[in-house]
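Given next are the chains, with one letter for each unit.
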Amino acid sequence: MTVYFIGAGPGAADLITVRGRDLLARATVCLYAGSLVPAELLAHCPPGARLVDTQHLDLDQIVAELVARHGEGHDIARLCSGDPSVFSAVAEQTRRLEVAGVPYQIVPGVPAFAAAAATLRQELTVPGVGQTVLLTRTAARATPMPPGEDLTSLGALGATMVLHLAVQRIDEVVAELLPGYGPDCPVAVVAYASREDELILRGTLADIAEQVHTAGIRRTAVIIVGQVLALPGCDSHLYSAARERQV
């Protein structure tokens, strides 16, 4: 029996992968965060499956459930919002499963930043403008950021930045990014990306905080900062007629 950490996608129920959907259909136990994972996904679970909402459970309680159900001979789906590789708290769970001798697999999903970029109809790596994307967060109500990963230090690079779990601190975020990007730098905020109640704000570092406050956005939003949001860039080398072709 195996624990499957499955990326549930950014919000829309049909953005789960085919592999994730098929594993859900055979898992007799499913753990999910009710505040983040769309309830429609649970319809893929088999009839009679044990469904456990983890939003009010701590780490020890979640791991105890995984270990106990594995011991009973169940395949277990552990639904993670977005993709398990980014801000999912998967590492702390898998470390404990390894100690307990419980096998697991990780199934990727569509991350929130990809859904936000799709909503904006935006490539985040625009040739001639920006070829580096930083995925980061802030430290409020979370573990501290490692040394050198504060927003001011990262902003000095001038790369396209995507912030998760940060919109509730929009004023502080703007203040920390202004030295590196300047007040005219384009910013987009996408709340509830891919969902029916999706909301998009576009502006600059000079005005985006006021827009966020006016819209009442407090959670489940991605902030994207960088010139790729405004500048067209140049054509890539990938499809250039001058590119040397391999035989």
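This is a predicted model, so every value here is computed, not measured. In every chain, residue numbers begin from 1 and rise along the written sequence. pLDDT decides what is reported in this predicted model: residues at 70 or higher carry local features, side-chain atom pairs at 80 or more are listed and counted, and totals for whole chains, interfaces and linings draw on all residues regardless. Just so you know, side-chain values use all the structure's heavy atoms and leave hydrogens and water out.

In this section: the sheet that holds strand S4 (residues 76–80). Two pairing modes exist for strands in a sheet, parallel and antiparallel, and in both the strands are linked by backbone hydrogen bonds. The strand order across the open sheet built from 5 strands is S3-S2-S4-S1-S5, with neighbouring strands paired in parallel fashion. Each edge of the open sheet is held by one strand with a lone partner, namely strand S3 (50–53) and strand S5 (104–107). Neighbour to neighbour, the strand axes of the sheet diverge by 20° on average, direction disregarded. When strand S2 (residues 29–32) meets S3, the two strands line up parallel, connected through 4 bridges. Residue pairing for S3: Leu31 is matched across the bridge by Val52. The strands touched by helix H1 (residues 18–26) are strand S1 (3–7), S2, S4 and S5; relative to S1, the strand with the most contacts, the crossing angle is about 140°. We treat two strands as partners when DSSP finds at least two bridges between them. Each helix corresponds to a stretch of at least 4 residues labelled H or I by DSSP, and each strand to a stretch of at least 2 residues labelled E; elements are numbered beginning at the N terminus. Helix axes use the C-alpha atoms of the stretch in contact, all axes being lines fitted to C-alpha atoms, and the angles between their N-to-C directions lie in the range 0 to 180 degrees. Contact between two residues is taken to exist if any of their heavy atoms lie within 4.5 Å; hydrogens are not considered.

Attention now goes to the UniProt feature "domain: Tetrapyrrole methylase" (unreviewed entry) in the chain. Under the feature "domain: Tetrapyrrole methylase" (unreviewed entry), the UniProt entry names residues 2–208. Structurally, residues 2–208 comprises 29% helix and 20% strand, and the distance from its first C-alpha atom to its last is 45 Å. UniProt positions are given in the numbering used here, feature names are shortened, and annotations may be inferred rather than shown by experiment.

Salt-bridge detection follows one rule: a side-chain nitrogen of Lys or Arg within 4 Å of a carboxyl oxygen of Asp or Glu. Counting across every chain of the model gives 5 salt bridges. Of the charged contacts, one joins Arg69 and Glu65 as a salt bridge, the two residues approaching to 3.0 Å between their closest N and O atoms. Taken together, the positions of Arg69 and Glu65, both in helix H2 (residues 59–71) and 4 residues apart, correspond to about one turn of that helix. For every residue, the accessible area obtained with a 1.4 Å probe (protein chains only) is divided by the maximum for its type, and the residue is called buried under 20%, exposed over 50%, and partly exposed between those limits. Glu65 sits in the buried class, given a relative accessible area of 11%. Among the salt bridges present, the one from Glu72 reaches Arg69, with a minimum N-O distance of 2.8 Å. Three or more residues are tied together by salt bridges with common partners; here these are Arg50, Glu65, Arg69 and Glu72.

To continue, consider the packing of H2 against helix H3 (residues 90–100). With their axes 10 Å apart at the nearest point, H2 and H3 run at an angle of 45° to one another. Overall, the two elements H2 and H3 adopt an arrangement that is oblique. Considering how the two elements wind past one another, H2 and H3 form a crossing that is right-handed. Seen from H2, the contacting residues are Leu59, Asp60, Ile62, Val63, Leu66 and Val67; seen from H3, they are Glu92, Gln93, Arg96, Leu97 and Ala100. Here the contact of H2 with H3 is composed, by residue class, of 7 nonpolar, 1 polar and 3 charged. By the definition adopted for this analysis, an angle is roughly parallel if under 35 degrees, roughly antiparallel if over 145, roughly perpendicular if from 65 to 115, and oblique otherwise. Handedness of each helix crossing follows the sense of rotation of the near helix against the far helix: counterclockwise by less than a right angle gives left-handed, clockwise gives right-handed. Note that Gly is not counted as nonpolar here; it falls among the polar residues with everything else outside the nonpolar set of Ala, Val, Leu, Ile, Met, Phe, Trp, Tyr, Cys and Pro and the charged set of Asp, Glu, Lys and Arg.

Our next topic: the sheet that holds strand S7 (residues 160–163). A sheet is described by the order of its strands in space; here 5 strands give the open sequence S6-S7-S10-S8-S9, paired in mixed fashion. Where the open sheet ends on each side, the last strands, each with one partner, are strand S6 (133–136) and strand S9 (199–204). Strand-to-strand, the axes of this sheet are offset by a mean angle of 15°, without reference to chain direction. The sheet contact formed by S7 and strand S10 (residues 221–225) spans 3 bridges and is antiparallel. When the bridges of S10 are listed, Leu163 appears paired with Ile223. Seen against the sheet, helix H7 (residues 208–215) touches strand S8 (186–191) and S9 and runs at an angle of roughly 155° to S9.

Non-glycine residue Arg121 carries a positive phi angle of around 55°. Along the chain, Arg121 turns up in the loop between helix H4 (112–119) and S6. The exposure class assigned to Arg121 is exposed, which follows from its relative accessible area of 79%. Even without a glycine there, the phi angle at Leu165 is positive, about 55°.

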